[in-house]
Amino acid sequence: MTPDLMRDGAARRAAYEARMAAKRAAEGPPRGGFGRPLERLEPVFTQGVALYVEDLTVSFDGFKALNALSLTVDLGELRCIIGPNGAGKTTMMDCITGKTQPDAGRLSFGSNVDLLRLAEPQIAQIGIGRKFQKPTVYEQLTVFENLELSLKADRRPRANLFARLSAEQLDRLGELLALIHLKEHAQRTAGLLSHGQKQWLEIGMLLAQDPKLLLLDEPVAGMTDEETERTGELFLSLEGRHSLVVVEHDMAFVEQLTQGRRKVTCLHEGRVLAEGRLADLQADERVVEVYLGR
Ligand SMILES: Nc1ncnc2c1ncn2[C@@H]1O[C@H](COP(=O)(O)OP(=O)(O)OP(=O)(O)O)[C@@H](O)[C@H]1O
Ligand SMILES: [Mg+2]
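Fair warning: this is a prediction, and the values are worked out from it, not measured in the lab.

Student: Looking at this structure, how should I read the sheet that holds strand β6 (residues 128–131)?
Tutor: Taken together, six strands build an open sheet; the order of strands is β6-β7-β8-β3-β9-β10 and the sheet is mixed. Edge positions in the sheet fall to β6 and β10 (271–276), since each of these pairs with one other strand and no more. Going from strand to strand, the sheet's axes swing by 20° on average, the running direction of each strand aside. In terms of strand pairing, strand β3 (residues 78–82) meets strand β8 (residues 243–247) through four bridges, oriented parallel. Paired with Ile81 across the bridge in β8 is Val247. Each of β3, β8 and β9 (264–268) is contacted by helix α8 (residues 251–258), which is oriented at about 155° to β3, the strand it contacts most.

Student: Quick question: what am I supposed to make of unusual backbone geometry here?
Tutor: Note: most peptide bonds trans; most residues except glycine with negative phi. Of note in the backbone geometry, Asp55 takes a positive phi value of approximately 50° without being a glycine. Along the chain, Asp55 turns up in strand β1 (residues 49–60). You will see that Glu218, though not glycine, has its phi angle at about 50°, which is positive. Checked against the element boundaries, Glu218 lands in the loop between β7 (213–217) and α7 (225–238).

Student: I'm lost on the nonpolar core in this one. Help?
Tutor: Across soluble globular proteins, you tend to see nonpolar side chains buried next to one another. Ile96, Val246 and Cys266 are the most contacted members of the largest nonpolar core, which has 46 residues in total. The leading source of residues in this core is β1, at six residues. What Cys266 contacts, discounting residues up to four positions off in sequence, is Ile82, Gly83, Leu273, Ala274, Leu281, Val287 and Tyr291.

Student: Just checking my understanding: could you explain the site of ligand 1 for this structure?
Tutor: Taken together, Phe60, Ala65, Gly83, Asn85, Gly86, Ala87, Gly88, Lys89, Thr90 and Thr91 make up all the residues around ligand 1. The dominant element in the shell around ligand 1, judged by the number of residues it contributes, is helix α2 (residues 89–96), at three residues. Residues that form the shell around ligand 1 fall into these classes: three nonpolar, six polar and one charged.

Student: Can you help me understand the packing of helix α4 (residues 143–152) against helix α6 (residues 195–208) in this one?
Tutor: Orientation of α4 relative to α6, taken along the N-to-C sense of each, is 25°, at an axis distance of 8 Å. Accordingly, the angle class assigned to the pair α4 and α6 is roughly parallel. As for how α4 packs across α6, the hand of that crossing is right-handed. For the pair formed by α4 and α6, the contact residues are Val143, Asn146, Leu147, Ser150 and Leu151 on the first element and Leu201, Gly204, Met205 and Ala208 on the second. Along the lines of polarity and charge, the residues of the contact of α4 with α6 split into six nonpolar, three polar and no charged.

Student: What am I meant to see in the sheet that holds β1 here?
Tutor: Neighbouring strands of a sheet are bound in pairs by backbone hydrogen bonds; such pairs are parallel or else antiparallel. Strand order in the open sheet formed by four strands is β2-β1-β4-β5, with antiparallel pairing between adjacent strands. Either end of the sheet is taken by a strand with one partner, and the two such strands are β2 (63–74) and β5 (113–114). Where β1 lies against strand β4 (residues 104–109), five bridges are found, and the strand directions are antiparallel. Looking across to β4, one finds that Glu54 is bridged to Arg106.

Calculation notes
- Residues numbered from 1 in each chain as written.
- Chains lettered and ligands numbered in written order.
- Predicted model: local features only at pLDDT ≥ 70, side-chain atom pairs only at ≥ 80, totals over all residues.
- Pairing = 2+ DSSP bridges.
- Helix = DSSP H or I, 4+ residues; strand = E, 2+ residues; numbered from the N terminus.
- Axes fitted to C-alpha atoms, helices over the stretch in contact; angles between N-to-C directions.
- Contact = placed C-beta atoms within 7 Å.
- Core = buried A, V, L, I, M, F, W, Y, C linked by C-beta atoms within 7 Å.
- Buried ≥ 20, exposed ≤ 12 C-beta atoms within 10 Å, placed from the backbone.
- Near = placed C-beta within 6 Å.
- Nonpolar A, V, L, I, M, F, W, Y, C, P; charged D, E, K, R; others polar.
- Parallel < 35°, antiparallel > 145°, perpendicular 65-115°, else oblique.
- Left-handed = near helix turned anticlockwise from the far one by under 90°.

Structure, rendered in structure tokens:
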């Protein structure tokens, strides 16, 4: 990179940081979901709501990837998000996890934690886990070792990577292995697992951190039909204990997850186009036109 380009980049970054600092100063003390004041970092879920997304707007060079997006996800809810390519689904997850800073709007975890004030690691720390499309496991380690590392790096402040697993952690590891269908493969090197099994292992590693909210972006892409169905069963079994937000284009999978009754949200052009049961969305002309009819 030439020195003038580097200077330009540094100037742009400084201008961005100054703009964000001014914005924070203008906003005054942080506010939570629906304007409630924020006090502690520990989320409080008094209204049965895990996540508030309010008027979230993200622009990339003037193009609005999110355009005043608003939605809420309940505690323990399993919510599917659908919508055409470019609707803003991944961008929404990027905002929730602190990877992308929105231009406007609010994001609150529980009624009190302002996610826009936290950095990515803090967001993971307070209980929001994210699964990317490509599995990211330690390929050289065994399935057991991968889970062991995640358990030891749990969210408690005094977690110790070098300590032996406690009896309680060993029990939890066994539970996780059963849950992700990898009990028989515990001593296998992760690099030798199938694509679907690696995805399950990564989900297990996320669950080891006991997140309150789990974001899953196209989790069954590239899986066989059988793996997809098993993944659906796994997600259904997590409902209640975790809130799950699942972005997916595979409608058979969405059908399996919603079983005719759970709420589905369809995004389009950076906002909610329709929300309701899958059957209602399938009968909604606007949803058919921009997405399901294609
Ligand atoms: N870093 C970025 N810079 C510029 N434009 C971006 C960036 N990230 C996303 N976009 C644009 O924002 C829009 C929303 O993208 P996003 O990835 O959120 O869509 P999506 O709903 O996840 O789509 P898909 O179903 O294809 O995954 C797209 O038009 C995309 O090109
Ligand atoms: Mg996406």
